[in-house]
Amino acid sequence: MSAAAPQYPFAVPFQQQYIPPIRSLMPYALRPGTVSLAGGYPAQELFDIEGLSEASTQVLARLGSCLQYSNIDGQASLRHQLARLSGQRGVVCDADTELAVTGGSQQAMALVARVMLQQGDHAIVENPAFPNTVNALSYTGATVHTVPSGPLGIDVDALDELAGRVRPKIVSVVASFSNPCGATLARTQRLRLLELAVKHGFLIVEDDPYGELRFAGEMIPPIMALAEGEQRNRAVYISSMSKTMAPGLRTGWLVAPAEVRRRCVAAKAADDMACPAWIQEIVAQYLANDRYAVHVPRIREAYGKRCDAMAQALEREMAGHIEFIKPEGGMFFWARLTGQIDATRLLPYAIEKEVVYVPGKAFYAEEAGADRHAMRMSFATMNEEQITLGIKRLGLAMQACEAGEPTSIVLP
């Protein structure tokens, strides 16, 4: 007879194990023949294998110099290449005092949260939002508040009111093509955010993994690029190579005021000492070869066509059942079912018809305020033909759900 498991004295944020709702969909999304609109992955067939192989070969020729511990803040070669790339986006920074390499943008978010927040502090995040952003903030012990967001971005008036009450240290936003809403925050709203940061004394942390994936409309600079004077001291910029080069590189970076950046580097030392030097040198070489500037337009073009295919299919197959604002970039549609059937009720029928999406409620920090009719669909990983087929299947699932047909799919 086995002994009972001991009762470990876990820290408060970890006393209840968090299991992402999206994880339960993976067995269905990976079934042969299923059209998955659920994942937040970039298109694997669009990876620049040739360019990355060339950069890898160049680095391999000097491999011995890449096998030692890296600088905690990143290889100098990569920091300077990322500073150049950031500058092209309007985020002009000092590669040695303001920029640090991280293990993807998720580590960057976690580092900023850790050096700024502790129990008794307050942070604000968009609602809905990427769940791991909420986790990075809440795992510090801070109280995380939410402000409504949607296809037009965060409600800055609601943010102004809430910030005046709770005095947050951090406000986290994805201003360009957010996950899950696909939202783009207007220039005027970005400027207003900077004004509110100075007014209320908080740090804006902009996560920008999708900003270069614009395939329609006019480019809007990152929030930090618009900052002037004291506003610049209130802005942190985070980005990643995961959505433009490849997630497997686990390469991201942050640009922050020197005092914030210095403490993030100290926190990173306690995490992993440094990101792998070998991988960093490959990314730096790839950027130095100017392959990135050739590769990103290919992705934009492909995603633009896939976005068009999804919009056209939704209008044709789901007419009268769904509403959406077509995104100008990124990887996601945020759509709402307009009738009595909500996204969770429809999902088993969709799975049975071999198409998978993510119900919108998975992205709300507080279930009580979740929009149960919302759904997130990614157009990145499927080609136009697959997207058209998937939405056709979604239309058939809606018909079956409305008719009350039995389904064999039982979801937790």
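Residues numbered from 1 in each chain as written. Predicted model: local features only at pLDDT ≥ 70, side-chain atom pairs only at ≥ 80, totals over all residues. Heavy atoms only, no water.

- Looking up the protein in an unreviewed UniProt entry gives the name Aminotransferase, with the organism given as Bordetella ansorpii.
- The UniProt entry for the protein carries the following comment under Cofactor (unreviewed entry): "pyridoxal 5'-phosphate". (UniProt positions renumbered as here; feature names shortened; annotations may be inferred.)

1. Here's the deal with the environment of Val101
- Residue placement: Val101 occurs in strand S2 (residues 99-102).
- In this structure the C-alpha to C-alpha distance between Val101 and Asp308, which are 207 residues apart in sequence, comes to 35 Å.
- Once you skip the residues sitting within four places of it in the chain, Val101 turns out to touch Ile72, Asp73, Gly74, Leu78, Arg79, Leu82, Gly252, Trp253, Lys268, Cys275 and Gln280. (Helix = DSSP H or I, 4+ residues; strand = E, 2+ residues; numbered from the N terminus. Contact = heavy atoms within 4.5 Å.)

2. Focus: the state of the cysteines
- For the coordinates displayed, the defined rule picks out 0 disulfides.
- No disulfide involves Cys181; its sulfur sits 15 Å from the nearest other cysteine sulfur, which is in Cys307. (Disulfide = S-S within 2.5 Å.)

3. Considering the packing of helix H3 (residues 76-88) against helix H10 (residues 277-288)
- Interhelical geometry of H3 versus H10 gives an angle of 40 degrees and a closest axis separation of 8 Å. Put simply, H3 runs oblique to H10. Judged by the sense of rotation from one axis to the other, the crossing of H3 with H10 is left-handed. Of the residues in H10, those in contact with Ser77, Leu78, Gln81, Leu82 and Arg84 of H3 are Gln280, Glu281, Val283, Ala284, Leu287 and Ala288.
- Grouping the constituent residues of the contact of H3 with H10 by class yields 6 nonpolar, 3 polar and 2 charged. (Axes fitted to C-alpha atoms, helices over the stretch in contact; angles between N-to-C directions. Parallel < 35°, antiparallel > 145°, perpendicular 65-115°, else oblique. Left-handed = near helix turned anticlockwise from the far one by under 90°. Nonpolar A, V, L, I, M, F, W, Y, C, P; charged D, E, K, R; others polar.)

4. Concerning the UniProt feature "domain: Aminotransferase class I/classII large" (unreviewed entry) in the protein
- Following the UniProt record, one finds the feature "domain: Aminotransferase class I/classII large" (unreviewed entry) at residues 58-394.
- Taken end to end, residues 58-394 comprises 42% helix and 16% strand; its first and last C-alpha atoms sit 47 Å apart.

5. Considerations on the domain arrangement of the protein
- Under the domain assignment, the protein is made up of domain 1 (18-40 + 294-403) and domain 2 (63-289).
- Spacing between the C-alpha centres of domain 1 and domain 2 amounts to 27 Å.
- The interface of domain 1 with domain 2 comprises 25 residues on the first partner and 25 residues on the second.
- The largest contributions to the domain 1 side of the interface with domain 2 come from Glu328, Trp334 and Phe363, which together make up 26% of the buried area.
- In this structure, the connection of domain 1 to domain 2 is made through 1 salt bridge.
- Across the salt bridge formed by Arg214 and Glu328, the nearest N and O atoms sit 2.8 Å from each other.
- The interface formed by domain 1 and domain 2 holds 9 residue pairs in polar contact (both at pLDDT 80 or more) in total.
- Counting residues per element, the ones that place at least two in the side of domain 1 that touches domain 2 are helix H11 (291-317) and strand S10 (332-337). (Domains from an automatic or database assignment. Buried area = accessible area lost by both parts, 1.4 Å probe. Salt bridge = Lys/Arg side-chain N within 4 Å of Asp/Glu carboxyl O. Polar contact = N/O pair within 3.5 Å; in protein donor to acceptor, adjacent residues only side chain to side chain.)

6. Examining the sheet that holds strand S9 (residues 322-324)
- Judged by pairing direction, the sheet is antiparallel, and its 4 strands sit side by side in the order S9-S10-S13-S12 without closing on themselves. Single-partner strands in this sheet number two, and they are S9 and strand S12 (358-359).
- Bridge analysis of S12 against strand S13 (residues 374-378) gives 2 bridges, and the strand direction is antiparallel. Residue pairing in the sheet places Pro359 in a bridge with Met375 of S13. (Pairing = 2+ DSSP bridges.)

7. Considerations on unusual backbone geometry
- That bond from Asn127 to Pro128 is cis: its omega, 10 degrees, falls within 30 degrees of zero.
- Residue placement: Pro128 occurs in the loop between strand S3 (122-127) and helix H5 (131-138).
- The step from Asn179 to Pro180 runs through a cis peptide bond, and the omega angle for that step is 20 degrees.
- Mapped onto the fold, Pro180 is located in the loop between strand S5 (170-173) and helix H7 (187-200).
- Of note, Glu354 is a non-glycine position whose phi angle comes to about 70 degrees, a positive value.

8. Brief notes about the pattern of salt bridges
- Inspection of the entire model under this criterion finds 29 salt bridges.
- Between Lys199 and Asp160 there is a salt bridge; the shortest N-O distance is 3.1 Å. Here Asp160 lies in helix H6 (residues 156-166) and Lys199 lies in helix H7, a separation of 39 residues in the sequence.
- Notably, a salt bridge pairs Arg165 with Glu161, separated by 2.6 Å at the nearest N-O pair. Remark: Glu161 and Arg165 occur in helix H6; sequence separation between them is 4 residues, near one turn of the helix.
- In the salt-bridge network here, residues are joined through shared partners; they are Asp48, Glu50, Glu54 and Arg291.

9. Notes on H6
- Turning to H6, its buried residues are Val156, Leu159, Asp160, Leu162, Ala163 and Val166.
- At its buried positions, H6 is contacted by S3, strand S4 (143-148), S5 and H7.
- Near the N-terminus of H6, the side chain that reaches the backbone nitrogen of Asp157, with its oxygen 3.1 Å away, is that of Asp155.
- Positive backbone phi, approximately 50 degrees, marks Arg167, located one or two places after H6. (Buried < 20%, exposed > 50% of the residue type's maximum accessible area, 1.4 Å probe, protein only.)

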